[in-house]
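Spelled out, the chains give:
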Amino acid sequence: MNEGSKVVKVRRQMTSYLIASYPLDSIRRPHWSDVSGGVYARAPQPLLHAYVMCDEMLEGEIDHSGEHGPCPHEIKVCIVKKDNDPEIYDEVKSAAEPRPERRLSCREDALRIVGERQPILGPVLRWELELRGHGQRNMSQVLPRMVRKHELSTTRSGHSLQYSLPSEKANNTKSDE
Ligand SMILES: [Zn+2]
């Protein structure tokens, strides 16, 4: 397959019915994004997007109003895996920065950290959460709420609280008493 015959299929949004074919070398700035072109619909996870000129398609159609200015101009399009030859899809993907991982919530990170390192001192847990980008204000609401919901249990260690996952054994012992 020579460079000129490589074709990428694109849609305006992942849910668009219209699909257009573009030469691979006309696909500009591929990147992962959870915001689609046109209507700025938000996807639940990042999808592969790129920019194309609105009039450079080889065939097919694309949802495109021209309301962003006079044609021709660049539009943001979605490159859907199932529309494309796997080799071509990988070629576009490899030109983009690596796909970002979904960031975990403060609660999810806390469960994971405590699960790995219990019992963990409060200040150490807060430090670990801060390293993952969670703010002090947020964690000072999230951690007590998790304790109230029995997702975390605490014991006192000197001046600090120590966090653990509530153990089944401890709960059983308590109900036996
Ligand atoms: Zn246009």
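These lines cover the structure that appears in this document, whether it is placed above or below. All values derive from a computational prediction rather than experimental measurement.

## Here's the deal with the sheet that holds strand β7 (residues 120-121)
Piece 1. Taken in spatial order, the three strands make up an open sheet running β7-β9-β8, and their pairing is antiparallel. The outermost strands of the open sheet, each flanked by one partner alone, are β7 and β8 (153-157).
Piece 2. When β8 meets strand β9 (residues 160-164), the two strands line up antiparallel, connected through five bridges. In the strand pairing of β9, Thr-154 is matched with Tyr-163.

## Details of the sheet that holds strand β5 (residues 59-60)
Piece 1. The three strands are arranged β1-β2-β5 in an open sheet whose pairing can be described as antiparallel. Edge positions in the sheet fall to β1 (7-10) and β5, since each has one partner strand and no second.
Piece 2. Taken together, the four bridges between β1 and strand β2 (residues 20-23) define a ladder with antiparallel strand orientation. Pairing of Lys-9 across the sheet is with Ser-21, part of β2.

## Observations regarding the packing of helix α2 (residues 106-117) against helix α4 (residues 136-148)
Piece 1. Two numbers describe how α2 lies on α4: the axes approach to 10 Å, and their chain directions differ by 60 degrees. By the criterion of interaxial angle, the relationship of α2 to α4 is oblique. For the crossing formed where α2 meets α4, the hand is right-handed. Residue-level contacts link Cys-106, Arg-107 and Ala-110 of α2 to Asn-138, Met-139, Val-142, Leu-143 and Met-146 of α4.
Piece 2. Across the contact of α2 with α4, the residue classes break down as six nonpolar, one polar and one charged.

## Notes on the pairing of β9
Piece 1. Inspection of the sheet shows β7 paired to β9 by two bridges, in the antiparallel sense. The residue bridging Leu-121 from the neighbouring strand is Gln-162, located in β9.
Piece 2. The loop that links β8 with its antiparallel partner β9 comprises two residues; one of these, Gly-158, has a positive phi angle of about 65 degrees.

## A look at the environment of Ser-157
Piece 1. Considering the arrangement of structural elements, one finds Ser-157 in strand β8.
Piece 2. A sequence separation of 35 residues divides Ser-157 from Gly-122, and the C-alpha atoms of the two residues are 9.5 Å apart.
Piece 3. Ignoring sequence-local partners within four residues, the contact set of Ser-157 consists of Leu-121 and Gln-162.

## Some words on α4
Piece 1. Taking 1.5 Å as the rise per residue, α4 with 13 residues should run 18 Å; its terminal C-alpha atoms sit 19 Å apart, in good agreement.
Piece 2. Along α4, the residues classified as buried are Met-139, Leu-143 and Met-146. Taken end-on, α4 shows its buried residues confined to a sector of 65 degrees, consistent with a single buried face. Facing away from the buried side of α4, by more than 90 degrees, are the exposed residues Arg-137, Ser-140, Gln-141, Pro-144, Arg-145 and Arg-148.
Piece 3. On its buried face, α4 sits against α2 and α3 (122-131).

Definitions and cut-offs
Residues numbered from 1 in each chain as written. Predicted model: local features only at pLDDT ≥ 70, side-chain atom pairs only at ≥ 80, totals over all residues. Pairing = 2+ DSSP bridges. Helix = DSSP H or I, 4+ residues; strand = E, 2+ residues; numbered from the N terminus. Axes fitted to C-alpha atoms, helices over the stretch in contact; angles between N-to-C directions. Parallel < 35°, antiparallel > 145°, perpendicular 65-115°, else oblique. Left-handed = near helix turned anticlockwise from the far one by under 90°. Contact = placed C-beta atoms within 7 Å. Nonpolar A, V, L, I, M, F, W, Y, C, P; charged D, E, K, R; others polar. Expected span 1.5 Å × (residues − 1). Buried ≥ 20, exposed ≤ 12 C-beta atoms within 10 Å, placed from the backbone. Arc of directions from axis to C-beta.

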